[in-house]
Amino acid sequence: MKKHNFSAGPSILPASVMERASEAIKELDGIGLSLIEISHRSKEFIAIMDKAQALALELTGLTDKGYQALFLQGGASTQFLMAAINLMKTKAGYINTGAWSDKAIKEAKRYGEVVEIASSKDQNFNYIPKGAEIPSNLDYLHITTNNTIFGTQFHHLPETNVPLIADMSSDIFSREIDYSAFDLFYAGAQKNMGPAGTTLVIVKDSLLEQMNKDVPSMLSYAIHADKGSMFNTPPVFAIYTSMLTLEWLKGQGGIKAIEKHNTTKAQLIYDEIDRNTAFEGFAAKEDRSFMNATFNLAEGVDGTLFDKLWNQTDISGLKGHRSVGGYRASIYNALPLASVHQLVEVMQQFEKSI
Ligand SMILES: *Cc1c(COP(=O)(O)O)cnc(C)c1O
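Residues numbered from 1 in each chain as written. Predicted model: local features only at pLDDT ≥ 70, side-chain atom pairs only at ≥ 80, totals over all residues. Heavy atoms only, no water.

## Some details on the pattern of salt bridges
Note the threshold: Each reported salt bridge corresponds to a side-chain nitrogen of Lys or Arg within 4 Å of a carboxyl oxygen of Asp or Glu. Strands are runs of DSSP state E lasting at least 2 residues, helices are runs of H or I lasting at least 4, and numbering of each runs from the N terminus. A 1.4 Å probe rolled over the protein chains alone gives each residue an accessible area, and that area as a share of the maximum for its type sets the label: buried under 20%, exposed over 50%, partly exposed in between.
Summed over all chains, the structure comprises 13 salt bridges. In this structure, the salt-bridge partner of Glu 58 is Lys 250, at a minimum N-O distance of 3.2 Å. Taken together, the residues Glu 58 in helix H2 (residues 43-59) and Lys 250 in helix H7 (residues 236-251) connect sequence positions 192 residues apart. Here Glu 58 falls in the partly exposed class, since its relative accessible area comes to 37%. Classification of Lys 250 as partly exposed rests on a relative accessible area of 44%. Here Lys 285 ties to Asp 274 by a salt bridge, and the two come within 3.9 Å at their closest N and O atoms. Residue Lys 285 is found in the loop between strand S11 (279-281) and strand S12 (292-297), and its partner Asp 274 is found in helix H8 (residues 254-275); the two are separated by eleven residues along the sequence. Residue Lys 285 is classed as exposed on the basis of its relative accessible area of 57%.

Structure below.
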């Protein structure tokens, strides 16, 4: 029996995906070879790459809209510097919603001037700053659509006419947003798509044309795009498994259907956090993440029994990040509703004991 997996990342993937991915390690679709022992230039793997790219665009509504999907390496952390090295001419704007934005800012500063447009640091990043004036002379504006650590999420995108770049590592494919509002967005696979090892980058063709030319090959979006994400050997297993998850998502009814499922899960957990006298939510209500619900014990409540209870009922990965403390329930696409019911039940059981 598998545990109720609330891990923030790497995180839960659909059971059917895990099954097919593990079969492919032994033998890929009856070809007499394993997925991980064939050439990435074989017709079998090229078909996988093409399908993964097509699905990524289809699910985000960007097919034939002048975008490309790239499967790269180095995690979202490499995107922090890739975005800047390719796009920074003189200065760029960043909205700082904590940890991940902080890291993106730090890398960008190596390549030009960083204007911190707004920050929620004054309240330990428990909200999304709104209404900031965005200068029109920036090379781009960078946001983190969902802050995995603090449990905050942009529910309204900033209005700007400079290229909009986003780190969507922890909420890509989770909700219907206007993906065409972005000129480039990226996500490490390991939250909502697949195993660690590949990073999806979706980039507008018109932005590719404007990129800096003197960029090291492995860091150049233009080169990766030109080579169809095969400039060097791609991480075949991570891409195959991501393709399976995207296929699964399409089979579920796509982003529209998964958003409904995610909203149900999020409402269930947040309703309980607000109702239950043993806990209090961390993030500002209007900015709450539908992927990572952060909460703490109410003042004076000892959580020893709660920790025992959730561990005993096969709940895993509930501990909060060290910079927030308390608890974090990550409720990514593949997490079943039953797992959230289990958590709510344990929270209620704990409340009765205090
Ligand atoms: C997990 C995460 C990252 C880090 O991704 P790596 O693939 O480990 O580099 C960056 N940004 C966000 C929003 C994340 O959730």
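After presenting the structure, the write-up continues.
## Points about the sheet that holds strand S4 (residues 113-119)
Which entries qualify depends on this criterion: What makes two strands pair is DSSP finding at least two bridges between them. Simply put, an axis is a line fit to the C-alpha atoms, just over the touching stretch for a helix, and the angle between two N-to-C directions goes from 0 to 180 degrees.
Read across the open sheet, the seven strands follow the order S2-S10-S9-S8-S5-S3-S4; overall the sheet is mixed. Sheet topology places strand S2 (67-72) and S4 at the edges, where each strand pairs with a single neighbour. Here the strands of the sheet are splayed against their neighbours by 20° on average, with no regard to which way each runs. By the bridge criterion, three bridges tie strand S8 (residues 164-167) to strand S9 (residues 184-188) in an arrangement that is parallel. Residue pairing across strands places Ile 165 opposite Leu 184, the latter belonging to S9.

## A short note on empty space enclosed by the protein
We count it as follows: Both site types are read off a 1 Å grid over the protein atoms alone. A 1.4 Å probe that fits but cannot get out defines a cavity, while an open set with protein on both sides within 12 Å along at least five of seven lines defines a pocket; lining residues have an atom within 4 Å of a point. Grid points are joined across faces, edges and corners, and a volume is the space filled by probe spheres set on the points. Charged residues are taken to be Asp, Glu, Lys and Arg, nonpolar residues to be Ala, Val, Leu, Ile, Met, Phe, Trp, Tyr, Cys and Pro, and polar residues to be all remaining types, Gly included.
For the structure on display, the rule yields one cavity of 30 Å³ or more. Empty space within the largest cavity amounts to approximately 50 Å³. Phe 71, Leu 72, Gln 73, Met 218, His 224, Ser 229, Asn 232, Pro 234 and Pro 235 are the residues that line the largest cavity. Partitioned by chemical class, the residues of the lining of the largest cavity number five nonpolar, four polar and no charged.

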